[in-house]
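Observations on the three-dimensional arrangement
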Amino acid sequence: MGAIRTIRAEDITACVARLCMRACTELPPMVCACTKAALAAEPYAPAREVLSLMRENAAIAAAERLPICQDTGMAVVFAQVGQDVHIEGGLLTDAVNAGVARGYTEGYLRKSVVRDPIRRGNTGDNTPAVLHTSLVAGDRLTFTVSPKGFGSENMSRLAMLTPAEGLAGVRAFVLETVRLAGANPCPPVMLGVGMGGTFEQVALLAKEALVELRQGPHPDPFYAALEDELLAAINGLGIGPQGFGGLTTAYTVRIKAAPTHIAGLPVAVNVGCHVTRHASETL
């Protein structure tokens, strides 16, 4: 075990605030590359026009520090906490929420969080964040902020399949999810697919698969082939950019799998829109 390293809660707050503003105004390079590649391959004029407008919108947002989308989302924050870190001056959760409040206020980002799902009532500062923490080796804190708009989040689905439904059931569920979503999530979409675990874990697996925006093939050849197969089938639906038709309904499909019970086959699909956003920083 290494020496304990102290990180101030205020530094966490400042970090999260920066990430909120950066994520809402700058697309990850991988997403920009996907749009560029789709435009180069698209022969259908309406789809080409939409993709061109998406590229222009992202460039203007980054240059002028404006939100890429009016829905600046609910702040989903992943925190990798080194076990040799001591946080001084406050609690991790409080520091993260203070950062979200600061980032959304100073960045003039839309506040979309209500304090109760039925009685509503806007919290006024986009808190609380959805915070996922994991304990890792080392003396660093790594934060990833992924603002999640609900045009796409509302299209996400979870199913507790039986083992007998197998791979065919998984394929059918993923395709059905995209088909039912149609133009609602502002395609081309990015899909995070979780498989295995339990009811609550499979949803988190799907979210992690989406947020990681992994480049390159899945390290497991079986899942690499399945990702390619699903992507081809989804793009064969012909929904296209913003639902106007074309070759690109989805940019990517990313799968994250985990062990599960002998009686279960949980699967979840977390849908991301064409501005699937995130920003990361290590303290």
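A short tour of the structure in this document, coming up. (Residues numbered from 1 in each chain as written. Predicted model: local features only at pLDDT ≥ 70, side-chain atom pairs only at ≥ 80, totals over all residues. Heavy atoms only, no water.)

A word on empty space enclosed by the protein
Once rolled over the atoms, a probe with the size of a water molecule shows which space is left empty. Stated formally: Within this scheme a cavity is a closed region of a 1 Å grid, computed over the protein atoms alone, that accommodates a 1.4 Å probe without allowing it to escape, whereas a pocket is open but has protein on both sides within 12 Å along at least five of seven lines; lining residues each have an atom within 4 Å of a point. Grid points are joined across faces, edges and corners, and a volume is the space filled by probe spheres set on the points. Here a helix means four or more residues in a row that DSSP labels H or I, a strand means two or more in a row labelled E, and each is numbered from the N terminus.
For the structure shown, the criterion picks out one cavity of 30 Å³ or more. In this model, the largest cavity occupies a volume close to 50 Å³. In terms of lining, the largest cavity is formed by T177, V178, A181, G182, P185, P187, V189, L191, T249 and V271. With three residues, helix α6 (residues 166-181) is the single largest residue contributor to the lining of the largest cavity.

What to know about the pattern of salt bridges
Applicable threshold: Throughout this description, the term salt bridge denotes a Lys or Arg side-chain nitrogen within 4 Å of a carboxyl oxygen of Asp or Glu. A 1.4 Å probe rolled over the protein chains alone gives each residue an accessible area, and that area as a share of the maximum for its type sets the label: buried under 20%, exposed over 50%, partly exposed in between.
Taken as a whole and judged by the stated rule, the model has 14 salt bridges. The partner of E10 in a salt bridge is R102, with the nearest N and O atoms 3.1 Å apart. Taken together, the residues span a long stretch of sequence, with E10 in helix α1 (residues 9-25) and R102 in helix α4 (residues 92-106) at a distance of 92 residues. A residue is classified by how much of its surface remains accessible, and E10, at 39% relative accessible area, is partly exposed. The partner of D116 in a salt bridge is R119, and the shortest N-O contact between them spans 3.0 Å. A residue is classified by how much of its surface remains accessible, and D116, at 17% relative accessible area, is buried. One network of salt bridges, with partners in common, ties together R18, R22 and E281.

Details of the sheet that holds strand β5 (residues 141-148)
Within a sheet, neighbouring strands are paired by backbone hydrogen bonds and run either parallel or antiparallel to one another. Inclusion rule: Criterion used throughout: strands pair if DSSP finds at least two bridges between them. Only the stretch in contact is used when a helix axis is fitted, and all axes are lines through C-alpha atoms; the angle between N-to-C directions ranges over 0 to 180 degrees.
Taken in spatial order, the four strands make up an open sheet running β4-β2-β5-β10, and their pairing is mixed. Two strands close off the open sheet at either side, each with one partner strand: β4 (130-136) and β10 (279-282). The sheet shows a mean angle of 15° between the axes of neighbouring strands, taken without regard to direction. Across eight bridges, strand β2 (residues 74-82) lies against β5 in antiparallel orientation.

Notes on the nonpolar core
Side chains of nonpolar character tend, in soluble globular proteins, to be buried together. Note the threshold: We define the nonpolar core as a collection of buried residues of types Ala, Val, Leu, Ile, Met, Phe, Trp, Tyr and Cys that are connected through side-chain atoms lying within 4.5 Å of one another. We call two residues in contact whenever any of their non-hydrogen atoms come within 4.5 Å of each other.
Of all hydrophobic cores here, the largest spans 26 residues; its most connected members are I12, V16, V96, V100, L141 and F143. Among the elements of the structure, α1, β2, α4 and β5 are those that each provide at least two residues to this core. At eight residues, the largest contribution of residues to this core is made by α1. Not counting residues within four places of it along the chain, the set of residues in contact with L141 comprises I7, I12, Q80, V81, G82, V85, I87, E281, T282 and L283. Core analysis: the next-biggest nonpolar cluster, separate from the first, contains 24 residues, F173, V189, V253 and I255 among them.

With respect to the packing of helix α2 (residues 29-41) against helix α3 (residues 45-64)
For the record, the criterion: Note that the term roughly parallel is reserved for angles under 35 degrees, roughly antiparallel for angles over 145, roughly perpendicular for angles of 65 to 115, and oblique for everything else. Left-handed is the label given to a crossing in which the near helix is rotated counterclockwise from the far helix by less than a right angle, and right-handed is the label when the rotation is clockwise. Side-chain classes are defined by residue name, with Ala, Val, Leu, Ile, Met, Phe, Trp, Tyr, Cys and Pro counting as nonpolar, Asp, Glu, Lys and Arg as charged, and the others, Gly among them, as polar.
Put simply, α2 and α3 touch, their axes get as near as 9 Å, and they point 155° apart. The angle between the axes of α2 and α3 places the two elements in the roughly antiparallel class. Judged by the twist between their axes, the crossing of α2 over α3 is left-handed. Only R48, L51, S52, M54 and R55 of α3 make contact with α2, whose side of the interface consists of T35, K36, A38 and L39. Classifying every residue of the contact of α2 with α3 by side-chain character gives four nonpolar, two polar and three charged.

What to know about unusual backbone geometry
Most of the time, phi is negative for any residue but glycine, and the peptide bond is trans. The omega angle of the peptide bond from T127 to P128 is 0°, so this bond is cis rather than trans. Within the element layout of this structure, P128 appears in the loop between α4 and β4. With an omega dihedral of 10°, the bond running from P187 to P188 counts as a cis peptide bond. Tracing the backbone shows P188 in the loop between α6 and β7 (189-197). In this structure, Y108 takes a positive phi of about 50° despite not being glycine. When you line up the elements, Y108 lands in the loop between α4 and β4.

Observations concerning the sheet that holds strand β9 (residues 265-272)
The strand order across the open sheet formed by four strands is β6-β9-β7-β8, and the pairing between neighbours is mixed. At either end of the open sheet lies a strand with only one pairing partner, and these are β6 (157-161) and β8 (250-260). Each strand axis lies, on average, 15° off the axis of its neighbour in the sheet, ignoring direction. As judged from the eight bridges shared by β7 and β8, these two strands associate in the parallel manner. For G194, the partnering residue across the bridge sits in β8 and is K256.

Here's the deal with the packing of α1 against α4
At their nearest, the axes of α1 and α4 sit 7 Å apart, and the two run at 40° to each other. It follows that α1 is oblique to α4 by the angle criterion. In this structure, the crossing between α1 and α4 has a hand that is right-handed. Side by side, α1 and α4 meet where A9, E10, I12, T13, A14, V16, A17, C20, M21 and C24 of the first sit next to L92, A95, V96, A98, G99, V100, R102, G103, Y104 and E106 of the second. Among the residues forming the contact of α1 with α4, the class breakdown is 14 nonpolar, three polar and three charged.

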